[in-house]
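Reading the structure
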Amino acid sequence: MPRFYCSVPLAVGLTLDLPEAVAHHLHVLRLQVGAELCLFNGDGGEYIAHLASVDKRRASVTVKAFVARDVELPYQITLAQALPEASKMDWIIEKAVEMGVAAIVPLAAQRCVVRLSGERAEKKLAHWQGVIVAASEQSGRNRLARLAPVDELHQWCAQQDLHKRILLSPRGGQSLADWARHQPPQAVSLMIGPEGGFSVQEEDHAMARGALALSMGPRILRTETAGIAAVAALNALWGGL
């Protein structure tokens, strides 16, 4: 059944017009009046709807049923990812959403080649939000991962929250997997450096503010691999798979 995100209130018995982008997608799929769709708006659960009308730019549905389905992880993972080169961030966000990450924080670090600010940052954030929506539609998630604005590493480290912050670094004396085996499932923030990693000064700054340095084992992973591998390891050990 096709699944679509609709950022509008949904309720059983409601007939509503779908966003133009969704209507276009339905037209491309050649769905006919009466076809069954699955809709979600990020508030939890999903709705079964029947297509009432469709053309190139417009479509309407009648909502028939609500399904209280939830596939979120029983613990929250925030991925604090230093900005990588080119389109790697798209891939990282897509896979992080598929793996169940609850929030994504793009970080500006010393060794980041990409620099984002102003209008360029706003456009990137809008694009990444679209990646989150598409990955949620595909993976069956009914809640969207939160996307934070681009933040400087030092500023982000100064913020206070209840998440354990884990700095993934070759300097870590213990592996993430070994640490997680002896910990109960809990909210964590995974800090991933850019190509070349965080600088020594950045790592020292993060650890001075409470970050726990852990390694990913004996091999050095690329920036686009490390975060996804870390999330997969936690999910395997804490029951998220």
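Please read these numbers as outputs of a predicted model, since none were measured by experiment.

Thresholds, definitions, all that
Residues numbered from 1 in each chain as written. Predicted model: local features only at pLDDT ≥ 70, side-chain atom pairs only at ≥ 80, totals over all residues. Heavy atoms only, no water. Helix = DSSP H or I, 4+ residues; strand = E, 2+ residues; numbered from the N terminus. Buried < 20%, exposed > 50% of the residue type's maximum accessible area, 1.4 Å probe, protein only. Contact = heavy atoms within 4.5 Å. 1 Å grid on protein atoms, 1.4 Å probe; cavity = no way out; pocket = protein on both sides within 12 Å on 5 of 7 lines; lining within 4 Å. Points joined across faces, edges and corners; volume = space filled by probe spheres on them. Nonpolar A, V, L, I, M, F, W, Y, C, P; charged D, E, K, R; others polar. Phe/Tyr/Trp six-rings, centres within 6.5 Å; stacked < 30°, edge-to-face > 60°. UniProt positions renumbered as here; feature names shortened; annotations may be inferred. Disulfide = S-S within 2.5 Å. Pairing = 2+ DSSP bridges.

Below, the discussion takes up the environment of Val 188. Note that Val 188 resides in strand S11 (residues 188–192). A relative accessible area of 0% means that Val 188 is categorised as buried. The spacing of Val 188 and Gly 45 is 143 residues in sequence and 25 Å in space, taken between C-alpha atoms. Filtering out sequence-adjacent residues up to four positions away, Val 188 remains in contact with Gln 76, Ile 77, Thr 78, His 163, Lys 164, Ile 166, Trp 179, Leu 234 and Trp 238.

Right, let's talk about the layout of surface pockets for a bit. Here the largest pocket is characterised by a volume of approximately 420 Å³. Along the walls of the largest pocket sit 25 residues, with Leu 168, Pro 170, Gly 197, Ile 220 and Leu 221 positioned nearest its centre. Elements supplying a minimum of two residues to the lining of the largest pocket: helix H6 (200–208) and helix H7 (223–238). Here the lining of the largest pocket gets three residues from one element, more than from any other, and that element is H7. Of the residues assigned to the lining of the largest pocket, the class counts are ten nonpolar, eight polar and seven charged.

Scanning the entire structure with this criterion turns up four aromatic pairs. Ring centres 5.3 Å apart and planes at 85 degrees place the aromatic pair Tyr 75 and Trp 238 in the edge-to-face group. Taken together, the positions of Tyr 75 in the loop between strand S5 (59–67) and strand S6 (77–82) and Trp 238 in helix H7 put the pair 163 residues apart, joining distant regions of the chain. Under the relative-accessibility criterion, Tyr 75 is labelled buried at 5%. Judged by its relative accessible area of 7%, Trp 238 falls in the buried class. Among the aromatic residues, those joined into a ring-pair cluster are Tyr 75, Trp 179 and Trp 238.

Here we take up the side chain of His 205. Within the fold, His 205 resides in helix H6. Non-local contacts of His 205, meaning those with residues more than four positions away in its chain, are made with His 154 and Cys 157.

The subject of this paragraph is the UniProt feature "domain: Ribosomal RNA small subunit methyltransferase E PUA-like" (unreviewed entry) in the protein chain. When the UniProt feature table is mapped to this numbering, "domain: Ribosomal RNA small subunit methyltransferase E PUA-like" (unreviewed entry) covers residues 18–63. End C-alpha atoms of residues 18–63 are separated by 11 Å, and the span's content is 20% helix alongside 41% strand.

What follows is about unusual backbone geometry. Backbone geometry places Arg 30, a non-glycine residue, at a positive phi of 60 degrees. With respect to the helices, strands and loops of the structure, Arg 30 is situated in the loop between helix H1 (20–28) and strand S3 (36–40). Its identity is not glycine, yet Ala 86 carries a phi of approximately 50 degrees, on the positive side. With respect to the helices and strands, Ala 86 occurs in the loop between S6 and helix H2 (88–99). A residue is classified by how much of its surface remains accessible, and Ala 86, at 65% relative accessible area, is exposed.

Moving on, we come to the state of the cysteines. Using the criterion set out here, one finds zero disulfides in the structure. Not engaged in a disulfide, the cysteine Cys 6 finds its nearest cysteine sulfur in Cys 38; these two sulfurs lie 10.0 Å apart. Taking the relative accessible area as the measure of exposure, Cys 6 reaches 0% and is therefore buried. Not engaged in a disulfide, the cysteine Cys 112 finds its nearest cysteine sulfur in Cys 157; these two sulfurs lie 13 Å apart.

Where burial is concerned, most of S3 is hidden: four out of the five residues are buried. Of the pairings in the sheet, the one linking strand S1 (residues 3–5) to S3 comprises three bridges and is parallel in character. Residue pairing for S3: Phe 4 is matched across the bridge by Leu 39. The sheet contact formed by S3 and strand S4 (residues 46–54) spans four bridges and is antiparallel. Along S4, the bridge assignment pairs Leu 39 with Tyr 47. Connecting S3 to the next strand, S4, in antiparallel fashion are five residues, including Gly 42 with a positive phi near 90 degrees.

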